[in-house]
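# Structural description and commentary
In case you want the letters, here they are:
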Amino acid sequence: MTRAAILALLSHWRRQPLQLAMLLIGLALATALWSGVQAINAEARSSYDRAAATLGQDTLDRLSRPGGATLEDFVTLRRAGWLVSPVIEGRIAEPARLQILGVDPLTAPPQAGLSALAGDGDILADFLGPGLLLVAPETAAELEGSDLPPRRIAPDLAPGIAVTDITTAQALLDRERLSYLTLAPEQPFGLPPLESVTDLSRSTPEDGTDLAELTDSFHLNLTAFGLLAFGVGLFIVQSAIGLAFEQRRQTFRTLRALGLPLRRLVLLLAAELAGFALIAGTLGLALGYAIAAALLPGVAGTLRGLYGAPVSGVLDFDPVWALAGLGITLAGTALAGAQALWTVARMPLLAPAQPRAWAMASARMLTMQGVAAGLLLALALGLTLTAESLIAAFASLAALLLGAALALPPLLIAALRAARPLARGPVGEWLLADARQQVPALSLALMALLLALAANVGVGTMVGSFRTTFTGWLDQRLAAELYVTAPDEATAARARAIAAEDARAVLPTLSTDLDVLGRPATLVGVPDAPTYREDFPLIDAAPDAWDRVADGSGILVNEQLYRGADLSLGNPLRLSEDWQVPVAGVYADYGNPAGEVRIGLGPMSERYPDLPLLRFSVRIDPEDAPALADRLRQEASLPDQAVVNQAEVKAISLRVFEQTFLVTGALNVLTLGVAGIAVLTSLLTLSSLRLPQLAPLWALGMRPGRLARLDVARTLLLALLTWVLSVPVGLTLAWVLLAKVNVAAFGWRLPMLLFPGDWLWLGLAALAAAGLACLWPALRLTRLPPSRLLRIFANDR
Amino acid sequence: MIADRLAAAFAVTLLAAPALAQGYAGLGSEAGADFRMPGRSALTFPEDHYAHPGFRIEWWYLTANLEGPDGTAYGVQWTLFRSALAPTAAEGWEADQIWLAHAALTTPDRHRHAERLARGGIGQAGVAEPFEAFIDNWAMTSTSADGDPLDALTLTANGADFAYDLSLEATGPLIFHGEDGYSVKSPAGQASRYYSQPFYEATGMLSLPSGEIAVTGSAWLDREWSSQPLAEDQSGWDWFSLNFETGAKLMAFGLRTDAEGTHFTSATWIEPDGTAEPYGDGAVTLTPLERGEVAGRTLPLQWRIELPARDLDVTTAPVNPGAWMGTSFPYWEGPVTVSGSHAGRGYLEMTGYD
C-alpha cells in the first residue's frame, strides 16, 4: 500500500515537471542566496579574527609609554623575571600598503604567523638573521617582485599584514623604539611587583575586535539581504507546495478511501518535501558557493576600501556552513509546507474535492494586517527619529519594510476600491472587483515584489547619491594634475626642480602616521596655496581656517575623525604629548578608513625636521600634464608608478567605488529575480483555482482570449500599484541608510539625491517581470479546452 | 600550541635537535664551515668557563640530588644552552647567538619544569664576567672571592609553580673527560670539549605551591661545547652522573645507533680525591631493564650499569619515573637511586625516545 501510495504521489510530479522545477528552483535559490551571504560573512569574520590574533588585539595586557618602550625596558623586565615580549607595529605605504608587525619569536606568546617557522630551522635562522616577512598567500602575491625582504607564506595570517623580526621591522619602519611589550598571561612564581621594575604603564586591550564592530553594519546589511532573498524564495516554495497539494486533493482522497492511514499519508508527504528540500538544498549550496566565490573578491575590496579591514578574497569550504545551509532549507521547507500538511491532516475522509478558497482573507484579517502595519510603521518612525546606533537604525529599517509589506494588501484593496468610479462598463468593474478578490491570494507574492522593489529603490538611491557626491568630491579633491612620490629626498628635490620649470605650482606635502585619541591616523602637511584655499572641499570651517592651518594655529580634520571623536570647530585635538591644536575645519574624505589631520607644511616640518619631503603635486595645464609626467620619469629617473596622472587616480578611485557596490547591486538583481519567480508561481497556482470565477464569464460569451488579456491587465495593474507603493518605501529606506546607517557605520553623511529615471526603469522592470510571469498562465487560459470550463458547472459547485 | 611548535622548530634545527635531543651537540650533521672545530689543546681557566661563540653549541648543565628535612629525595636541573647562528657575538637585536634554558624541580610525586629562550647581544641572556651564566632572572652566579669562579656558586630559577635558590661549594677539582677534556662521541671521531665539576655540596631552598623546603645534597656541573654533531646513524643518548656512598663518582654515557640499538659508550671513573680515569668505547655496558610508559613513549626506566674494570655492577631506579621534560625538544631527565655493588644516587638523561 505504502509503495503504491508513494508511486501515486510521485506520479503528480511526472505529469507536472514544470511545477517540480519551480519548487526546486525556489528552494535552491532561497538556499543559494542565504548560504552565499553566510559564506561571505563567515569568510570575512574569520579574516578579522586572524587579523585580531596577528595584531595581538586579543587578550594580552600591554606595557607601554608615550614615545615607545626601549630595549632596556624589555631586558630590565626579563631580568626581573617578568615574561614580556617586544612588539613594533607600523605601516609602510611603499611598495605596497602593508602593516608591519615586528616580534621577537624567542619570547613571543603564541601568535598567528609564527607557526610558519615551525619545522624548519633554516627559516627561523633567516627570520632572525637576514630578515623574512611572514604574509598571507594573497599578500605574497601582491608583493611579488618587490624589493622587500623575502616573503614566506603563513596561511593563518590575515592579508595586508607582515609578521617579521624586531630588527627587520626596525629597518622597514625606520624606527628604533618598541611600540609596546606584551605580558604573558601566566607569569612565574614569586616576582617583584611590576611597578618596582618599570615605569611603563600597563593596559588591557578592549574586548572584541574593532574591525568586527566596525564592519558589523556591512555584514548586517548582507545578512538582511540574504534573509530577504530567503524569505522571497520561501514565498515561491509556499506557492509551489500549495499548488501541488491542491492539485493532488483527489489523489489524497482516493488513497485515503483505499485505506491509507492519515498518519502515513502525512508522513509520506512530509518525507517527499524533505527529499525535495535535500535535493534543492544541495543544488542551492553549490549555487551559493559559486555566488559567494564570485562576489567575495568584491566584498573583500569593499571591506578593505571602506574600513581598511583585511579580508581574504579566497573562499574556504566549511562543512559546518554546508550543514547549516541544508538545515535552513529544511526548516524553510517545513515552514512553507506546514499549512498544506495541516490542511491534509484535517481533511475529512470523503470530503468532495472542492478547491478551498486559497488563503482567502476576510475583512477582519485585512483590518488586523492594517493595524499591525500601522504599529510597525510607527515603530520604524520612532526608532529612526531617536536612534543613534547601527542596530537601532537597522531595526527601524526592518520595521519599515515589514510594516510596508503588511500594509500592502489593505492599501491595494483600498486603491482598487477608489478606482471603481473610473471603471467603465461591467467588464471594467468586474476587472477591478476580480483584482480585489485576487489580492489576498496574491498578497505574499506581491509583498515579495514590494520588498524587492523598495530595496532596489532604496539602495539605488543611496548608491546613486553616494556616487554623485563622490565624483564631485573627487573632482575637487584631486585638483592637481600630477601626483608624484619620489623614492628618496634627492630624487624628490630634483623632480621638484624639473616640475617647477613648466608648472603653475608645485605643492609638496609631508605625511606621517600618528595616534589620535588612541586610533591610528595620518598627519599631512600641506603648503599654503590657492589650490587648497579655493578647491579643497571643506564641509565646515572657521572663516580664517586656511590662515590658521598655514601658521599652525589650526588643523583640518577629516569627517570620519570629526564625527567619530565627536569634535566641533575650535576643539583642541592632541596630536602628541606636548602638541595640541584646535580644529579649524572639517573636510570630506570618502573611502578612507582612518582619521586624517591636515596642517601647514611649515609648522609640520618644524615638528618633524627629519621627515623626508617625498611627495608633491603639480598644477599645470591638463594638456601639458602627460608631457611633464614623461619628463619627470626620464629626467628625474622616477619609476613609472611614482608619477600619477589625475585622470588615473580618478579612474582607480571610481573603480574601487563601483567595486564597493557591486555586491549590493548583484544581490538587488537576484532578489528582484526571485520576486519575479514568486509572482509567477502564485499566478500559476491561481490560474487553475480561478476557473470557477472565469467559467461564468465564458458562459456569458466572453472569449478565452479576452479573458486572458484581462488576466494580464489585472496582473499588470497589481504590479503597477505595488511599484507605486514601493517608491515612497524605498525612498524612506534610502533616507535611513544615508542619514543614519552611513553616519553610524562609516562616519560620513551624504546628501540624498533623487533619481526618478531609475524608478521609472525599475517600474518597467517590475511590469515586465509581472507581465512575463502572467504570460504563460494567460496562454494556458486561451488554450483551455471548453470541456474544462464546462466541467466547472458539471461538477456541482 | 604555536609556541610549542615554534620552539620545537628551534630545537630541531638551531639547537640541533638531532643533536641536543639525542643529548648532544651540533647542528645537523654538517658542522658549518665558519665554526671552529674542537681541538685537543689544554683547557685554560677561567676563560673556558665562559662562552665560546666560535663554536656552534655549548652548555652549562647542572643537576643536583637533594634531600629535605624529612629525608625526601628531590632533584634539581638547571641548564643553559647556547646555539650560534654565526660564529660571532653581535650587540643589539641582531641575533647571532640564541640562548635556551631549562629548569626542573623533581619531587617523588611531581616533576615541574620551565623553559626560556632569548637572543644574545641584548643583555637578556649570556655568560658574563665576573662569572654569571644567566637568562632572564635565572642565574648561575659565582660567589667565589678568589680562586676558580666555579668553586662557589649560587643557582636560581623559577617557573609557573616552582622556584629554587641553591648555594654550591666545590669540594674537589674539575674533572676532564676523555683525553684532557677532548671527548669522543662516535667511532667516526665526532668529539666535543667536555669537563665537569662533580664535587658540589649544595644547600638551599625549594619553593613549591605547598611551601618552602630547606634542602641539602650534592650537585654536578657539566660544561661542554662543540661544533660537531652526532654521527648520522646516532639516534639518541643515555647519560648518567652517579655519586656512590664510597665518595667515588661515575660519569657514563652511551650514544645509541639507529640500526642496532647498540651503544657507543664512554665513562669517567672519579675517585673521592678527584683522581679521574677515562674509559673508552665498550669499557662500560649500559643495559636497559624495565621499560615503562612516560608521556606516551616507552622508555627504559631501570638500567644496569657494568664497569668490570672497577668491579661495578649496579642498577638505577628513578626517584620519579615521570621526570619528563615536555619542553620544545622533549627528553627524560631526573634523579635516580643506585643499588647493587655500589649504592648511591645520581642523575639520568635519556633522549631520542620518540
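Residues numbered from 1 in each chain as written. Chains lettered and ligands numbered in written order. Predicted model: local features only at pLDDT ≥ 70, side-chain atom pairs only at ≥ 80, totals over all residues. Heavy atoms only, no water.

As annotated in an unreviewed UniProt entry, chain A carries the name Putative ABC transport system permease protein and comes from Roseivivax sediminis. UniProt annotates chain A under Subcellular location (unreviewed entry) with the comment "Cell membrane". (UniProt positions renumbered as here; feature names shortened; annotations may be inferred.)

### Examining the overall build of chain A
Scanning chain A for helices and strands turns up 26 helices and 18 strands. Counting all 797 residues of chain A, 53% fall into the buried class. Taking all contacts inside chain A whose residues are at least 6 apart in sequence as the whole, residues at least 24 apart take part in 79%. (Helix = DSSP H or I, 4+ residues; strand = E, 2+ residues; numbered from the N terminus. Buried < 20%, exposed > 50% of the residue type's maximum accessible area, 1.4 Å probe, protein only. Contact = heavy atoms within 4.5 Å.)

### A few points about the overall build of chain B
Looking only at helices and strands, chain B has two helices and 25 strands in total. Looking at chain B as a whole, 60% of its 354 residues qualify as buried. Within chain B, contacts between residues at least 6 apart in sequence are counted, and of these 57% link residues at least 24 apart. Summing over all exposed atoms, chain B offers an accessible surface of approximately 12,200 Å²; the carbon and sulfur share of this is 49%. (Areas by Shrake-Rupley, 256 points an atom, 1.4 Å probe, with all protein chains shown as cover.)

### Topic: the packing of aromatic side chains
The final tally for this structure, using the stated rule, is 22 aromatic pairs over all chains. Each ring, one from B:Trp59 and one from B:Phe81, has its centre 5.9 Å from the other, and the planes form 75°; the classification is edge-to-face. In this pair, B:Trp59 is assigned in strand S1 (residues 57-67) and B:Phe81 in strand S2 (residues 73-84), connecting sequence segments 22 residues apart. Neither B:Trp59 nor B:Phe81 differs from the other in exposure class; each is buried. Arranged with centres 5.8 Å apart and planes meeting at 80°, the rings of B:Phe240 and B:Trp303 form a pair that is edge-to-face. Of this pair, B:Phe240 sits in strand S14 (residues 234-244) while B:Trp303 sits in strand S21 (residues 303-307), placing them 63 residues apart in sequence. Comparing B:Phe240 with B:Trp303 shows no difference in burial state: the two are buried. The structure contains a cluster of three or more aromatic residues connected by ring pairs, namely B:Trp59, B:Tyr61, B:Phe81, B:Trp239, B:Phe329 and B:Tyr331. The ring of A:Tyr180 has A:Arg62 sitting right over it, with the charged end atom 4.0 Å from the ring centre. One cation-aromatic arrangement involves B:Arg40 over B:Tyr182; the distance from NZ or CZ to the ring centre is 4.1 Å. (Phe/Tyr/Trp six-rings, centres within 6.5 Å; stacked < 30°, edge-to-face > 60°. Lys NZ or Arg CZ within 6 Å of the ring centre and 35° of its normal.)

### Quick look at the packing of helix H16 (residues 489-502) of chain A against helix H21 (residues 625-635) of chain A
Residue and element names in this part refer to chain A. Between H16 and H21, the shortest axis-to-axis distance is 10 Å and the interhelical angle comes to 150°. With respect to H21, the axis of H16 lies roughly antiparallel. Handedness of the crossing formed by H16 with H21: right-handed. Contact residues: Arg 494, Ala 495, Ile 498, Ala 499, Glu 501 and Asp 502 in H16; Leu 628, Arg 631, Leu 632 and Glu 635 in H21. Classifying every residue of the contact of H16 with H21 gives five nonpolar, no polar and five charged. (Axes fitted to C-alpha atoms, helices over the stretch in contact; angles between N-to-C directions. Parallel < 35°, antiparallel > 145°, perpendicular 65-115°, else oblique. Left-handed = near helix turned anticlockwise from the far one by under 90°. Nonpolar A, V, L, I, M, F, W, Y, C, P; charged D, E, K, R; others polar.)

### Here's the deal with the pattern of salt bridges
Pairs may arise between side chains of opposite charge once their charged atoms sit close together. Residue and element names in this part refer to chain A. Tallied over the entire structure, the rule returns 33 salt bridges over all chains. For Asp 528, the salt bridge is made with Arg 533, and the minimal N-O distance between the two is 2.8 Å. For Asp 528, a relative accessible area of 49% gives the class partly exposed. By sharing partners, the salt bridges in this structure join Glu 501, Asp 502, Arg 631 and Glu 635 into a single network. (Salt bridge = Lys/Arg side-chain N within 4 Å of Asp/Glu carboxyl O.)

### Topic: the side chain of A:Ser617
Residue and element names in this part refer to chain A. Structurally, the position occupied by Ser 617 is in strand S17 (residues 615-619). When its relative accessible area of 6% is taken as the criterion, Ser 617 is described as buried. Each residue touching Ser 617, except ones within four places of it in the same chain, is listed here: Ala 480, Leu 482, Tyr 483, Ala 505, Val 506, Leu 507 and Tyr 532.

### Description of the confidence of the model for chain A
Across chain A, pLDDT averages 79, with 85% of residues at or above 70. Scored below 50 in pLDDT, residues 352-361 of chain A makes 24 contacts in the model with residues more than four places away or belonging to other chains. (pLDDT = per-residue confidence, 0-100.)

### Examining the sheet that holds strand S2 (residues 84-92) of chain A
Residue and element names in this part refer to chain A. The eight strands are arranged S5-S4-S6-S3-S2-S7-S1-S8 in an open sheet whose pairing can be described as mixed. The sheet is open, and its two borders are formed by strand S5 (151-153) and strand S8 (201-203), each paired with just one other strand. Each adjacent strand pair in this sheet contributes to an overall mean axis angle of 30°, direction not counted. Pairing analysis gives three bridges linking strand S1 (residues 61-64) to strand S7 (residues 180-183), with the strands arranged antiparallel. Each bridged residue has a counterpart across the sheet, and for Leu 63 the counterpart in S7 is Leu 181. Sheet strands in contact with helix H3 (residues 71-79) are S1, S2 and S7, and its direction is about 155° off that of S2. Of the strands in this sheet, S2, strand S3 (98-103), strand S4 (133-135) and strand S6 (161-165) touch helix H6 (residues 166-173), which is tilted by about 30° from S2. (Pairing = 2+ DSSP bridges.)

### Overview of the environment of A:Met22
Relative to the helices and strands, A:Met22 resides in helix H2 (residues 17-54). Separated by 658 residues in the primary sequence, A:Met22 and A:Leu680 have C-alpha atoms spaced 9.3 Å apart.

### Some thoughts on unusual backbone geometry
In this chain, B:Phe45 is followed by B:Pro46 through a cis amide linkage whose omega measures 10°. Tracing the sequence through the fold places B:Pro46 in the loop between helix H2 (17-21) and S1. Cis geometry marks the peptide bond from B:Glu129 to B:Pro130; its omega dihedral reads -15°. Positive phi values are uncommon outside glycine, yet A:Asp174 reaches one of about 55°. As for its placement among the helices and strands, A:Asp174 is situated in the loop between H6 and S7. Note on A:Asp174: relative accessible area 72%, which makes it exposed. Its identity is not glycine, yet B:Asp180 carries a phi of approximately 55°, on the positive side. Mapped onto the fold, B:Asp180 is located in the loop between strand S10 (175-176) and strand S11 (182-184).

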